[in-house]
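Residues per chain, in single letters:
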Amino acid sequence: MSARAPQRTIRVFVVVPPRALLLDIAGPMEVLRKANLVQDAVRFEVAYVGPSTDVRSSIGLGLSGIEKLPGTVPAGAMIIVSGAADEPLGALADSRPQDAPDEAAIVEWLAHAVCPGIRLVTICSGALLAARAGLLDGHECTTHHGTIDELVRLAPRARVRENRLYVEDGERLTSAGITAGIDLMLALVAREAGPPTAVEVARYLVVYLRRAGADPQLSPWLEGRNHIHPAIHRAQDAVAGDPARDWSVEALAKIAATSPRHLSRLFNEHAGMSVTDFVNRMRVALAHELVVGSKLDMEQVAERAGFSSARQLRRAWSRLHAQAPSHARDAAATH
């Protein structure tokens, strides 16, 4: 990463409730920490806030230095609400009755702090606090499978979804149990800092960029990256960096430091597609960006994306999209 100043900063306020599930906080924040280290287009500036300066976490480890809930939250900020454990490790008694005032303070603060322009992100059972604040009414949302029924009760006007890793509905983003918070944060990093950054962070954390069938669509730039094989990633990074280049299996095999035949086998086994399919997907992804983000005609788009003609572009496009490129351009123009 270069030493120049980031182009923009996103303020992140992590709400630490009583009995905070430590992985709800540590997992997503590791994503942001690593994202800050590998790129400088955006800086995630994190603060930990709550009604108490000290909290006993789900694993019995004490968390200290928590800042007070701020009076105001700047526009463009992100508020992340962690879930909580009913029975922390080593707890001798149920502390939930004593913790009720702190939870009520969080609910009251959320109702005041979350307004248009502020993204609300809940991890696991953190959705219950958002529901109590009335912030999920009219929105699609999810939570840990063990608290789905309680979320339905607390937010009867919300559209609660089961069996989802996470749900995005405008400025409301909710995730399922615990590690799904990492999935959600990787998706946010992909949006804010770019898919290559999300891929690099996922590889560092040794996690997959996973999605369930009904989850938000994976960025085409991240397709075929649900693996941790370094040779394939080297080849994929090269293609993603310059999709229009004349990529042969032989050229990519040199980058991957393997034989063409072995690289083809590795792609099919780990990426779930052939080398040629991956290259074409990257070219179609680039073509899509050009179609919706420029006024270039189809021949110009095809040339810049690495296709020999608009006809070849449309043929490759039709394998991945139900609608023609012109429909994508028209749809973008209406938003």
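In what follows, the structure referred to is the one given above.
Let me sum up the structure you'll find in this document.

What to know about the overall build of the chain
Secondary structure summary: the chain contains 13 helices and 10 strands in total. Compactness check: the chain gives a C-alpha radius of gyration of 22 Å against a globular reference of 20 Å for 335 residues, within 12% of the reference. With the C-alpha coordinates aligned to their principal axes, the bounding extent of the chain is approximately 70 × 45 × 40 Å. Counting all 335 residues of the chain, 47% fall into the buried class.

Things to note about the sheet that holds strand E5 (residues 78-81)
Taking strand neighbours across the sheet as the criterion, the 6 strands line up as E2-E1-E5-E6-E10-E9 in an open arrangement whose pairing is mixed. With one partner strand each, in any of the chains shown, strand E2 (42-49) and strand E9 (166-169) form the two edges of the open sheet. This sheet shows a mean twist of 15° between the axes of neighbouring strands, independent of strand direction. Both strand E1 (residues 8-15) and E2 contribute to a ladder of 8 bridges, which runs parallel. Paired with Thr9 across the strands is Arg43, a residue of E2. Lying on the sheet, helix H1 (residues 22-38) is in contact with E1, E2 and E5; it crosses E2 at an angle near 150°.

Looking at helix H10 (residues 275-293)
When the terminal C-alpha atoms of H10 are compared, their 27 Å separation across 19 residues agrees well with the 27 Å that a helix rising 1.5 Å per residue should span. Among the residues making up H10, those that are buried are Val275, Phe278, Val279, Met282, Arg283, Val284, Ala285, Leu286, Ala287, Leu290 and Val291. Buried residues belonging to H10 abut helix H7 (230-241), helix H8 (249-256), helix H9 (260-271), helix H11 (298-305), helix H12 (310-320) and helix H13 (325-333).

Side note on the nonpolar core
Looking at soluble globular proteins, one finds that nonpolar side chains tend to be buried together. Counting 43 residues, the largest nonpolar core has Val12, Phe44, Ile80, Val121 and Val189 as the members making the most contacts within it. Looking at this core, the elements that each hand over two or more residues are E1, H1, E2, E5, helix H5 (180-193) and helix H6 (195-205). Among the elements that make up this core, the one with the highest residue count is H5 (10 residues). The contact partners of Val189, leaving out residues within four places of it in the chain, are Val31, Leu32, Ala35, Phe44, Gly194, Thr197 and Ala198. Counting 35 residues, the second-largest nonpolar core is a separate cluster that includes Leu266, Val279, Leu290 and Ala316.

Observations regarding the pairing of E5
In regular strands, side chains alternate between the two faces of the sheet. Residues Met78 and Ile80 line one face of E5 and the alternating positions Ile79 and Val81 line the opposite face, and both faces are buried. Pairing of E1 with E5, which is carried by 4 bridges, proceeds in the parallel orientation. In the sheet register, Val15 faces E5, and the bridge partner there is Val81. Where E5 meets strand E6 (residues 119-122), 4 bridges bridge the pair, whose relative direction is parallel. Paired with Ile80 across the bridge in E6 is Val121.

Topic: the packing of H5 against H6
In the contact formed by H5 and H6, the axes pass within 6 Å of each other and the chain directions differ by 145°. For the pair H5 and H6, contact is made by Ile182, Leu186, Val189, Ala190 and Ala193 and by Pro195, Thr197, Ala198, Val201, Ala202 and Leu205, respectively. Considered class by class, the residues forming the contact of H5 with H6 number 10 nonpolar, 1 polar and no charged.

A closer look at unusual backbone geometry
With phi around 60°, Arg19 is a residue other than glycine that occupies positive phi space. By the secondary structure assignment, Arg19 is in the loop between E1 and H1. Residue class for Arg19 comes out buried when judged on its relative accessible area of 6%.

Reading the values: rules and limits
- Residues numbered from 1 in each chain as written.
- Predicted model: local features only at pLDDT ≥ 70, side-chain atom pairs only at ≥ 80, totals over all residues.
- Heavy atoms only, no water.
- Helix = DSSP H or I, 4+ residues; strand = E, 2+ residues; numbered from the N terminus.
- Rg over C-alpha atoms; globule rule 2.2 N^0.38 Å.
- Buried < 20%, exposed > 50% of the residue type's maximum accessible area, 1.4 Å probe, protein only.
- Pairing = 2+ DSSP bridges.
- Axes fitted to C-alpha atoms, helices over the stretch in contact; angles between N-to-C directions.
- Contact = heavy atoms within 4.5 Å.
- Expected span 1.5 Å × (residues − 1).
- Core = buried A, V, L, I, M, F, W, Y, C linked by side-chain atoms within 4.5 Å.
- Nonpolar A, V, L, I, M, F, W, Y, C, P; charged D, E, K, R; others polar.

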